[in-house]
Amino acid sequence: MSHDPNLPQQQPGQNQPPNPGQTFPPEFHDPQQGQFPGQFQHQHAGHPYPQGPYLQQPQAPQPQQERRQRDPNQPKGRFGAWFWIVGGLLAIVVLANAVGGHGESILIFLGLAAGVTGLYTLIFNKPSWASLPNRNAAIAVAIAGGVSLLIGSVAAGADARRDNSAAPPETATSATLEADAQARLKEREDALAKAEAESTARLEAREAEVKKAEEAVKAREAAVGGAEAAAAANTIKEGTWTVGKDIAPGTYRTTAEVGSRCYWSITVTGSNGADIIENDIVSGGFPQVVLSEGQTFESSRCGTWTKQ
């Protein structure tokens, strides 16, 4: 005989009060007394039921509450690891643009991120990194991203137009070209000045060397001239010479042996050769004379005389 697991077990011959919440079929209920008879035992569907005056009203079985099945696409926690990673990167980008004063860039970046996130959830039916709960949330995020992107683009265009109006490209280009041309011209002038300075320095050095060489030549010429002058002053050649003016006083002798035709004479200066002091026709050898100031010396066919 099978036994209902919802009913407590009872030994035969025992009268026990029912447990709270125990139920019985309706045919055992007495509508006059509002309870079951005091003493009976009944067979219903093969189940024995207990006897006693403490039976309660039967209650209909409550349906078991259905368990909710978890969506496998939902993350285990409220926010996953990708939420914090992507959110941190977006926060860094927003902070960098905020420090730089680019508010339109913040709107553009956030709009792109929101738009891509919403479209990802709509296309692949997954919550994405932002853990969007359903398609309605994805649509709202995508629309908000588009609006943010549009506002950021309009603001960026306005800033670009304001910058262009403040500094026209043609003016900036002309100023840049002029500055570059001036810089190249100055560089060329500096190079030319440097080359001229180097050339001048080399020329001055060369002129100094030439001047030094000329001075050395002049010194040599002066030395040679002085030697020649000294030699000339101490040398008597063919002709008539005034002692003290043309030749120096002193003792002179021929440099080479003379022949029989050598003639020399010493006369008083200003007598036109009439006042002869001394003369001689030498037949050979090395004749020698002594000359003093106020005299005139004449030599003919005797060669060169040198001072002794």
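Rules behind the numbers
Residues numbered from 1 in each chain as written. Predicted model: local features only at pLDDT ≥ 70, side-chain atom pairs only at ≥ 80, totals over all residues. Heavy atoms only, no water. Helix = DSSP H or I, 4+ residues; strand = E, 2+ residues; numbered from the N terminus. Buried < 20%, exposed > 50% of the residue type's maximum accessible area, 1.4 Å probe, protein only. Contact = heavy atoms within 4.5 Å. Areas by Shrake-Rupley, 256 points an atom, 1.4 Å probe, with all protein chains shown as cover. Phe/Tyr/Trp six-rings, centres within 6.5 Å; stacked < 30°, edge-to-face > 60°. Pairing = 2+ DSSP bridges. Core = buried A, V, L, I, M, F, W, Y, C linked by side-chain atoms within 4.5 Å. Salt bridge = Lys/Arg side-chain N within 4 Å of Asp/Glu carboxyl O. Disulfide = S-S within 2.5 Å. Patch = residues over 30% accessible without salt bridge, like charges linked within 9 Å, V, L, I, M, F, W, Y side chains within 5 Å. Axes fitted to C-alpha atoms, helices over the stretch in contact; angles between N-to-C directions.

**Details of the overall build of the protein chain**
Next, step 1: Summing up its helical and strand segments, the protein chain has four helices and 10 strands in all.
Next, step 2: Sequence-ordered secondary structure for the protein chain, helices as α and strands as β, is β-β-α-α-α-α-β-β-β-β-β-β-β-β.
Next, step 3: Looking at the protein chain residue by residue over its 308 residues, the buried ones come to 20%.
Next, step 4: Put simply, 62% of the contacts in the protein chain that link residues at least 6 apart link residues at least 24 apart.
Next, step 5: As displayed, the protein chain offers around 22000 Å² of accessible surface, 56% of which is attributable to carbon and sulfur atoms.

**Comments concerning unusual backbone geometry**
Leave glycine aside and you will find that most residues have negative phi; peptide bonds, for their part, are mostly trans.
Next, step 1: One non-glycine residue, N125, lies in positive phi territory at about 55°.
Next, step 2: With respect to the helices, strands and loops of the structure, N125 is situated in the loop between α2 (103–124) and α3 (135–166).
Next, step 3: One non-glycine residue, N272, adopts positive backbone phi at about 60°.
Next, step 4: Tracing the chain through its elements places N272 in the loop between β6 (262–268) and β7 (276–282).

**Some thoughts on the packing of aromatic side chains**
Next, step 1: One pass over the structure, following the stated rule, counts two aromatic pairs.
Next, step 2: Centre to centre, the rings of Y120 and F124 are 5.0 Å apart; their planes meet at 45°, and the pair counts as tilted. With Y120 and F124 both in helix α2, this residue pair falls four residues apart, about one helical turn.
Next, step 3: Residue classification places Y120 among the partly exposed positions, given a relative accessible area of 34%.
Next, step 4: Residues F297 and W305 carry aromatic rings whose centres are separated by 5.4 Å and whose planes lie at 85° to one another, so their mutual orientation is edge-to-face.

**Here we look at the pairing of strand β9 (residues 295–300)**
Next, step 1: Most of β9 sits inside the fold, with five of its six residues counted as buried.
Next, step 2: Here four bridges tie strand β4 (residues 239–242) to β9, and the two strands are oriented antiparallel to one another. Its bridge partner lying in β9, W241 is registered against F297.
Next, step 3: One ladder, built from six bridges, connects β6 with β9; its direction is antiparallel. The residue of β9 that forms the bridge with I266 is F297.

**Quick notes on the nonpolar core**
Next, step 1: One finds V289, L291, F297 and W305 to be the most contacted residues of the largest nonpolar core, which totals 14 residues.
Next, step 2: Of all the elements in the fold, those that place two or more residues in this core are β6 and β8 (288–291).
Next, step 3: Looking at which element gives the most residues to this core, the answer is β6, with three residues.

**Some words on the pattern of salt bridges**
Next, step 1: According to the stated counting rule, one finds one salt bridge in the structure shown.
Next, step 2: Among the salt bridges present, the one from D190 reaches K186, with a minimum N-O distance of 3.2 Å. Placement of both D190 and K186 in helix α4 (residues 169–233) is noted, with a separation of four residues, approximately one turn of the helix.
Next, step 3: Classification of D190 by relative accessible area gives partly exposed; the value is 42%.
Next, step 4: Since its relative accessible area comes to 51%, K186 is described here as exposed.

**Quick notes on the state of the cysteines**
Next, step 1: The tally for this structure, following the rule as stated, stands at one disulfide.
Next, step 2: Two residues, C262 and C302, share a disulfide whose sulfurs are 1.8 Å apart. The sign of the 100° torsion about the S-S bond sets the C262-C302 disulfide as right-handed. Of this pair, C262 sits in strand β6 while C302 sits in the loop between β9 and β10 (305–307), and the two are 40 residues apart along the sequence. Side by side, C262 and C302 carry an identical accessibility label, which is buried.

**Let's talk about a nonpolar patch on the surface**
Next, step 1: Residues L107, I139, I143, V147 and I151 make up a contiguous nonpolar surface patch of roughly 420 Å² in combined accessible area.
Next, step 2: Here the nonpolar patch gets four residues from one element, more than from any other, and that element is α3.
Next, step 3: Topologically, I143 is positioned in helix α3.
Next, step 4: The class for I143 is exposed, based on a relative accessible area of 55%.

**Details of the sheet that holds β9**
Next, step 1: With antiparallel pairing, the four strands of this open sheet are ordered in space as β4-β9-β6-β7. With partners counted over all chains shown, the strands left at the sheet margins are β4 and β7, one partner each. In this sheet, adjacent strand axes meet at a mean angle of 10° when their direction is disregarded.

**What about the sheet that holds strand β3 (residues 235–236)?**
Next, step 1: Ordered by their spatial adjacency, four strands build an open sheet running β3-β10-β5-β8, and the pairing between neighbours is antiparallel. Edge positions in the open sheet fall to β3 and β8, since each of these has one partner strand only.
Next, step 2: With three bridges connecting them, strand β5 (residues 250–254) and β10 associate as antiparallel partners. Each bridged residue has a counterpart across the sheet, and for R253 the counterpart in β10 is T306.

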